[in-house]
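Residue-level structure breakdown
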Amino acid sequence: METDFEEINSSSHENSTDILIKEPSIEIRTAGAHKGVGIFAFKDFCEGDVIFEEEPIVAAQFYWNEKYGYLACHHCLRPMESTVENIKRLSNNENIVLSHPNLCPTDKSKHVYCDCGVGFCSTSCKELSWEQYHKCLCTLRNPSLNKLLKSWSGFHYPPETSSIMLLLKMIAIIELSSNYDEAVSTFLKFQHNYVNEDENMLMKFLGSEYAENFRIVHSLLHEVFPCKFVKEFVTEDGLRKLFALIGRNGQGIGTSVYSEWVKKVEKLDLNEEEKSKMDIFINKVYDAMNEHVGTFLNCEGSGLYKMQKNINHSCNPNATVTFPHSNFTLSLIASKNIKAGEEICVSYLDECNLFRSRHSRRVILRNHYLFECHCEKCTEQAGDPDVTSEEESSNEDESISEDEAMES
Ligand SMILES: C[S@@+](CC[C@H](N)C(=O)[O-])C[C@H]1O[C@@H](n2cnc3c(N)ncnc32)[C@H](O)[C@@H]1O
């Protein structure tokens, strides 16, 4: 169920009050002075309903993820390992035996590779990638790109939320487009300010501690990829804008061949005893993987989506983003019943941070997304004292401590 949305007003819409997109079940319009535009239900949705599905304009697996052996299609992020290979690697146990291996969704006979080594789950992904960006990024054609990638992996800067591959693919898409100005404007419709002057906020990863790494990325980009867009747009200020664009709009993508196999097993017609044995096996594998790789179960990456970019954050969300096809196709699912006219919001915070105090949630949103949260929950809790998560509970999450340190 992929929706082809009609864009009513294609101009930049920060601060716009127009209805930008109207579709039978949703519309995109202003969500108030503080929030810019948002997505609103145009009909009632029940919990579990698919609100819409869409493919990204561009997506890429995180560079570090790929380096650690998380094999995914270079184009659509579909896992390329078999289920058995996946669970053996993630649990570091060669002896695991998988029942129902025939339910493994990976079809290696369809896999194809570019001579530079990157893999694709199908010929169509390979061809699309070549036409859209890989012609510019194939390291056999432009070996100097390796220099930039090597530097990046050396200093892990900026944090992987601003994936280097996503940045390179964006630039290549613009370069290969038959309409340069239109391609540039498609990307610049995404919010790309890196400073919120009203609130005096700067994106965390552009802070002074990363200044030298930022300078290296900037100069290497000009050295190894001196295309029209890089020459014209990628000044230091332009590069900050591109990182801000990715940081503020990039949607995390996670794909897993094991979870796809689990979904298929759950649909089998098993008796109670078989079901219970299967549940025990599934949980044992999750435990073993958890012990070896922690929460890094998925092939992870990020993408830029034309519709998703309009979804605002709420600390009490009514929708979630999922990847049910185990590739980059995003599916927005109602996590509660939603009435026509209500704004549809997701949480930009992970589950753990979502349940922190108002103060802690807002610190993270400020530092990573550059806004002061005006959701209903924050408004209702406006009188709460400014407690940090540490004071609030025994929580010792480093990311929030770092964020709160930045505040002081
Ligand atoms: C992915 S965009 C969402 C669409 C955006 N409102 C627009 O007009 O393009 C994320 C930006 O929306 C704004 N935003 C999202 N949720 C918000 C909230 N709860 N309170 C205030 N601003 C919010 C922030 O400026 C944030 O950086």
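Residues numbered from 1 in each chain as written. Predicted model: local features only at pLDDT ≥ 70, side-chain atom pairs only at ≥ 80, totals over all residues. Heavy atoms only, no water.

Details of the packing of helix α2 (residues 83-91) against helix α11 (residues 272-293)
One can describe the packing of α2 onto α11 by two numbers: an axis separation of 7 Å at closest approach and a directional angle of 50 degrees. Judged by the angle between their axes, α2 and α11 are oblique. Residue-level inspection shows Ile-87, Arg-89, Leu-90 and Ser-91 of α2 in contact with α11, the latter providing Val-285, Ala-288, Met-289, His-292 and Val-293. Of the residues assigned to the contact of α2 with α11, the class counts are six nonpolar, two polar and one charged. (Axes fitted to C-alpha atoms, helices over the stretch in contact; angles between N-to-C directions. Helix = DSSP H or I, 4+ residues; strand = E, 2+ residues; numbered from the N terminus. Parallel < 35°, antiparallel > 145°, perpendicular 65-115°, else oblique. Contact = heavy atoms within 4.5 Å. Nonpolar A, V, L, I, M, F, W, Y, C, P; charged D, E, K, R; others polar.)

Observations concerning the domain arrangement of the protein
Parsing the protein into structural domains produces domain 1 (14-79 + 120-255 + 297-346) and domain 2 (357-381). In this structure, domain 1 and domain 2 have C-alpha centres spaced 22 Å apart. On the domain 2 side, the residues contacting the 17 residues of domain 1 number 14 residues. Counting across the interface, domain 1 meets domain 2 through zero salt bridges. Where domain 1 packs against domain 2, one counts zero residue pairs in polar contact (both at pLDDT 80 or more). Counting residues per element, the ones that place at least two in the side of domain 1 that touches domain 2 are β8 (195-196), β9 (201-202) and α9 (236-249). For the side of domain 1 that touches domain 2, a count of residues per class yields six nonpolar, seven polar and four charged. (Domains from an automatic or database assignment. Salt bridge = Lys/Arg side-chain N within 4 Å of Asp/Glu carboxyl O. Polar contact = N/O pair within 3.5 Å; in protein donor to acceptor, adjacent residues only side chain to side chain.)

Remarks on α9
Along its 14 residues, α9 runs 20 Å from first to last C-alpha, staying within 8% of the 20 Å computed at 1.5 Å per residue. Considered for burial, the residues of α9 that qualify are Gly-238, Leu-239, Leu-242, Phe-243, Ala-244, Leu-245, Ile-246, Gly-247, Arg-248 and Asn-249. (Expected span 1.5 Å × (residues − 1). Buried < 20%, exposed > 50% of the residue type's maximum accessible area, 1.4 Å probe, protein only.)

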